[in-house]
Structure formats: C-alpha cells, structure tokens
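Observations on the model geometry
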Amino acid sequence: MPTIQSITNAGSRAEVETSRDLAAGQLIAESSGDELPDFTSPVYKDAYSRINAIVIEGEQEAHDNYISLGTLIPDQAEELARLARMELKHMKGFTACAANLGVEADMPFAKEFFTPLRDNFQAGLRDGKVVTCLLIQSLLIEAFAIAAYHIYIPVADPFARRITEAVVKDEYTHLNYGQEWLKANFEASRAELEQANRQNLPHVRRMLERVAADAAVLQMEKSALIEDFMIAYQEALTEIGFNSREIARMAVVALVG
Amino acid sequence: MFGLIGHSTSLAAACELAERLGYPEYAQGDLDMWCSAPPQLVENFSVTSATGKTIEGAYIDSVFVPEMLRRFKTAKRKVLNAMELAQKRGIAITALGGFTSIIFEDMNLLKEQQVRATTLEWERFTTGNTHTAWVICHQVELNAPRIGIDLAKARVAVIGATGDIGSAVCRWLSQRTGVAELLLVARKQQPLLDLQSELGGGRILALEEALQQADVVVWVASLPESLSIDPANLPNPCLMIDGGYPKNLDSKASGAGIHVLKGGIVEFHRDIDWQVVALAAEMAKPQRQMFACFAEAMLLDFEELHTNFSWGRNHITLEKMELIGAASLRHGFQALGLDSLSAPAPSLATA
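What this report covers is the structure whose coordinates are included nearby. Quick caveat: nothing in here was measured; it's all calculated off a predicted structure. Each chain carries its own residue numbering, running from 1 in the written order of its sequence. To label them, take the chains in the order written and letter them from A, then take the ligands in the order written and number them from 1. Since the coordinates come from a predicted model, pLDDT governs what is reported: local features require at least 70, and pairs of side-chain atoms require 80 or more to be given and counted, while whole-chain, interface and lining totals use all residues.

1. Here's the deal with the overall build of chain B
Basically, it comes down to this: Runs of H or I in DSSP of at least four residues are treated as helices and runs of E of at least two as strands, each being numbered from the N terminus. Our radius of gyration is a C-alpha quantity, and the globule rule it is checked against amounts to 2.2 Å times the number of residues to the power 0.38. Each residue is classified by how many other C-beta atoms fall within 10 Å of its C-beta atom, where C-beta atoms are placed from the backbone; a count of 20 or more means buried, 12 or fewer means exposed, and values in between mean partly exposed. Contact between two residues is assigned whenever their backbone-derived C-beta positions fall within 7 Å.
In terms of helices and strands, chain B carries 14 helices and 18 strands. Over its C-alpha atoms chain B spans a radius of gyration of 20 Å, differing by no more than 12% from the 20 Å that the globule rule assigns to 351 residues. With the principal axes as the frame, chain B shows a C-alpha extent of 55 × 50 × 40 Å. For chain B, the proportion of its 351 residues judged to be buried stands at 52%. If you take every contact in chain B between residues at least 6 apart in sequence, the share linking residues at least 24 apart comes to 72%.

2. A word on helix H1 (residues 11-21) of chain B
All names here are of chain B. Definition in use: Starting at the helix axis, one direction is taken to each C-beta atom, and the arc is that of these directions.
Of all the positions in H1, only Ala14, Cys15 and Ala18 are classed as buried. End-on view of H1: buried residues confined to an arc of 100°, all on one side of the axis. Those residues of H1 that are exposed and aimed more than 90 degrees away from the buried face are Ala12 and Arg20. Where H1 is buried, its residues touch helix H2 (24-27) and helix H3 (31-36).

3. As for the nonpolar core
Note the cut-off: Here, a nonpolar core means buried Ala, Val, Leu, Ile, Met, Phe, Trp, Tyr and Cys residues linked by C-beta atoms lying within 7 Å of one another.
Counting 186 residues, the largest nonpolar core has Ala143 of chain A together with Val156, Ala157, Val158, Val169 and Val218 of chain B as the members making the most contacts within it. With 17 residues, helix H6 (residues 130-152) of chain A is the largest single contributor of residues to this core. Excluding residues that lie within four positions of it along the chain, Ala157 of chain B makes contacts with Leu183, Val185, Ala210, Leu211, Ala214, Val217 and Val218 of chain B.

4. Some words on the pairing of strand S1 (residues 2-6) of chain B
All names here are of chain B. Going by this rule: Only strands that DSSP links by at least two bridges are regarded as paired with each other.
Most of S1 sits out of view: 5 of its 5 residues are buried. Alternating residues of S1 divide into Phe2, Leu4 and Gly6 and Gly3 and Ile5, and every residue in both groups is buried. Where S1 lies against strand S3 (residues 54-61), 5 bridges are found, and the strand directions are parallel. Each residue of the ladder has a partner; that of Gly3, found in S3, is Ala58. As paired strands, S1 and strand S4 (residues 93-96) are joined by 4 bridges and run parallel to one another. Along S4, the bridge assignment pairs Gly3 with Thr94.

5. Details of the environment of Glu25 of chain B
Counting through the fold element by element, Glu25 of chain B comes out in helix H2. Not counting residues within four places of it along the chain, the set of residues in contact with Glu25 of chain B comprises Val252 and Val256 of chain A.

6. Some points on the environment of Ala96 of chain A
Residue and element names in this part refer to chain A. For Ala96, the location among the structural elements is in helix H3 (residues 77-101). We classify Ala96 as exposed; it has 12 C-beta atoms within 10 Å. For Ala96 and Ile226, which are 130 residues apart along the polypeptide, the C-alpha to C-alpha distance reads 27 Å.

7. Some remarks on the sheet that holds strand S8 (residues 155-159) of chain B
All names here are of chain B. For clarity, the threshold we go by: For every element, the axis is a line fit to its C-alpha atoms; helices are fit only across the contacting stretch, and the angle between N-to-C directions ranges from 0 to 180 degrees.
Strand order in the open sheet formed by 6 strands is S10-S9-S8-S11-S14-S15, and the pairing between neighbours is parallel. Of all the strands in the sheet, the pair left with one neighbour each is strand S10 (203-204) and strand S15 (258-262). In this structure, strand S14 (residues 238-242) lies alongside S15, joined through 5 bridges in parallel fashion. The residue of S15 that forms the bridge with Cys238 is Ile258. Docked against the sheet, helix H6 (residues 129-143) engages S8, strand S11 (216-219), S14 and S15, running at close to 160° with respect to S14.

Put into structure tokens, the structure is as follows:
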C-alpha cells in the first residue's frame, strides 16, 4: 500500500516537487510585471506630472547647490561649475520628456517637496558647513537620483529611457565628486557627517514615502527605490571610510526613520 | 578571496540574528522593511586548510528571507544585488547558498547580467552543486554499510533525480558506486526518460512505490508541507539522505530502522572563527560545519580555480566530482556521517 499521503494545495494528488520546481511555483505566484505602463493614460500622466516635476526641480536645485558649494570651496569652483552645467542639461532633457508625453510638470508640488533638504542645505551654506552641504547634495540627493533613474529606466517610455540612461552616468560622477572630497577629509569630517546624516536621512525617507504612490503608477516599486538608494549611499559611505557596522547604523534611518 | 552569499532561514530568524548582532532597528523591522534593505557584507574571516594554506573569506547576507519567494521582483533583486556586492568587493569566487542559486536558475537571471553600472562576471560565482553532489554520494557510500546495507545489493531511490544535483548523484551512484538498482523519481516524465537513457538504466517510479522498495533514499527535493511518511511501510533498515533545501526530512520520517542524515553538509577539520555564519547557518557544530556549496567556494580558492565551476543545469561531470571530492578531502573537509549525529563529541562541539 502507498505509504505517502501527500496532499497538495490543489487537492489530494501525491506530488514531488524538486527544490527548483517548488521555488518556481512560488515565484510565479507574483506577476513579473514585464509589461510597460500605458504612457498615454490620464492616471499615468497625472502621476508623471509630479514625478517629472521632482526630477526637474531636483536637477535645478543640484545646479544651484553646486554653484553655492563653489563659494565654500573656491579652489574647486571651476569643477563645481562644470557639474552644475551638467545638471542644467539634465533638467532640459527631463523637461523634454514631459513635453513628449504632453504632460505639464507640477512645479509647485516639487518645490515644496524639496523644502526640508533645501532649507538644511541653505542653513549649512550660511554656516560654512562644507561637509553638511556635500552630504545633502552630493551623497543624499545624488544617491536618490541614481536610485530613481535606475528603477525608472526599465519602465520608462522609449524617449525618456534614452535621456535617463545618459543622465544616470553623469550622476555617478557627481556622487563620486562628493565622495572623493569627503574621503580626503574623512577624519575631520566624520562627526559632522554623522550629524548631517541624522538630520537629513529621515527627510529622504519621507520623500520616498511621499512619492511612493505616484511611483507605483509608473511601475517603480517603493522597496526597490529604497534598496537602490541605500546601495548607492552605503557604497559612498564605504568609499569615504566608514566601516560596515557604522554604515548599517547610519543607514538604518532610511529604513525605519 | 572567496565569498559566501547566504540568508536567514526565516524572517523571524533574520530579526533574531539582527538583535544578536546589535542592530535593534533591523530586528524590529517587518517584511516590507527587509524587502527594502540592501545586501550586507557582514563578516570577514580566514580559513586554514589541512595543507596549511590560509585564505580569506567574506560572508554576504543577501537579506533575502524565504517569505520573499512570493515577491518575484524582490527575490530577484536580492540575489542580483548580493552578487553585485560580491563582485564590487573584488571577491574572486563566491558560492550562491540556500535559495540564492535556486532563484538564480528559476528566474533565469543569466539574462540579467547588467546590475546598475556593474556587468556581472559569471566566472566569479558558483552554485556549489558539484561539491554538494559529491558529498551526498560520499555520504551514501560511507553510511549505508554502517547500518548494514550492502550497496552492491541495494536499491537507491533519488527523489528529484532530474535536477542538477539529482542527475549528478544518479550518474555517480550508477557509474562509480555501483549500486544494485537506481530508482528515479521526479515530477516531469520527459526529463526522467532522458536521464534513464543517459544512464543506460534505472527504474522510473512514483514516489510511493520507490519508498517501499528503497534501502537508501536520496532526497534532493523540497518536501511538500503536507507530505507524511509511514515508517512501517519502509524497508528496515533505511538510510535517508536529506539533500534538499530547507532540510526538514527528519520531521517527516522517523522510527525504528530509519536513519535520516542531513545531506550535503560537511565538517571542517578545525574551527573557523566566524560569528555571523555560525549564527545564521543553524548547524549542530556551527564553528566547523557548513553547506557543501559554501565549502566549494573555499575549495576553489584553495586550489586557485577561480572559475564558475558549478554553473547552469546538468553540467556536472564525474571528472569534476572527482576533482572537487579529492580537494575536499585534501583540505580537511569530512562529509557529515551518522556517527557524528548519534555520538557527538562534546569536546569538539565546544572547542
């Protein structure tokens, strides 16, 4: 007589599942979601009007911030001005993306969206705090942008995809700029970096939360955005000189802040 | 340098590990938080072979937990991001442990070679399946005689026979070990017929029939939750090697004459000074026992074979098994045996 009673969820059929088959069965339970969104739908355009505005505003502020940083690090002003020009170019590219879809960017929303980080950057600038300003612009905002662009590229419309792919390469250069400066001045910067992280990372977390519903319409998952942001941010902190335990503690604010 | 990509066995285990390591915020996180967390290189350690050679290793927690299996994109992301981290840290050969290699193959991640700015270099990774298959075969050969089974007269059932590890085990047992008869069990018929033809033998059976006849059962399949085994209907004695993942056969089969052995587990000749791996792996002797797939990364590094030694499906040859098996013995690994279960040496366990 059979000695096995194997009852699958589907019924009483005895079944053996290899590890692979089992995992595959579980994995396909969730749709792979490979289909692109309908770029012409009103729901998509509505969400895009805010996401696109955030990107345009982010690039504009990045431009302004790099110019401002040049006043704090005069010997770097030329290089910073070069970075700033790149950000303006990006801004124009993303403006064209909205026009291509027939969307008007919701700029008032975007300006308000960036208020906390903008205020903290301006305060740092007034106090001559290079480290704080670099952390906000060159680490947090750049890592945020890199994450958003990475997650966006596979689900973007063809026009925006080409533009975003070109932009993301530049943003690595910008992240790298802040990273290298802070690495060279690590011991002197450490305490201020930790404090600026505590003050600003929670804002990034809240910004990601605020944008999550609109991002979901564009098929960008919140968990993927946060994870990608943390990978870029942690990588930068590693390069700068923090050890993995310090980084885990600093970065956790982005997860549960 | 070699790497190990691992993960906790459940969300609860991941939280407990985080608590013990001093990360209370992670410990209190829910599944959504863990889905958003990036992989972490959590530990570096060195390992010294029985030959005296010392190599450096790193453990990467992919932050995957099995509860994420139903989240297709998340599971995929965890594996790729952990692999990217290993490569960015310059690790020459990294083993994909636990569900990592299963997800990699099931979701065909070979077509996802580009991860952000990184092009994954496949030669830096191994599934570790060749060593796992060799260890399982070695466990059959060493332990069957200990409980009075003569393999030359024995029927050996392989459950999950057509998988990467299963088919390698079948090849070895039929061509190297020389068992009396192989009983082939798997879900899909055509791959079974192909395997039978390749082996030039073996009997294709349903699970129930195979279990009634098999003196040795090699499980390289995960068990359905609802599976139950009536020990009264199994041959006595019966050796069961639990080579699936996760390893839960001992909860399904027990009784007089039934000997369940965790398959694909090896014990190193000396303690390894690792803390996180010891906590995460849930082994009886956590300082020296590990999955054979992890050990394969160490062996490849000891042997300076920096290549994707085990890769893709059904590419495991007998020659490769011989090579990795010889390296395993040379560098001081021993397959987990029945004696180490029934009579654990306390002095070693706490050494």
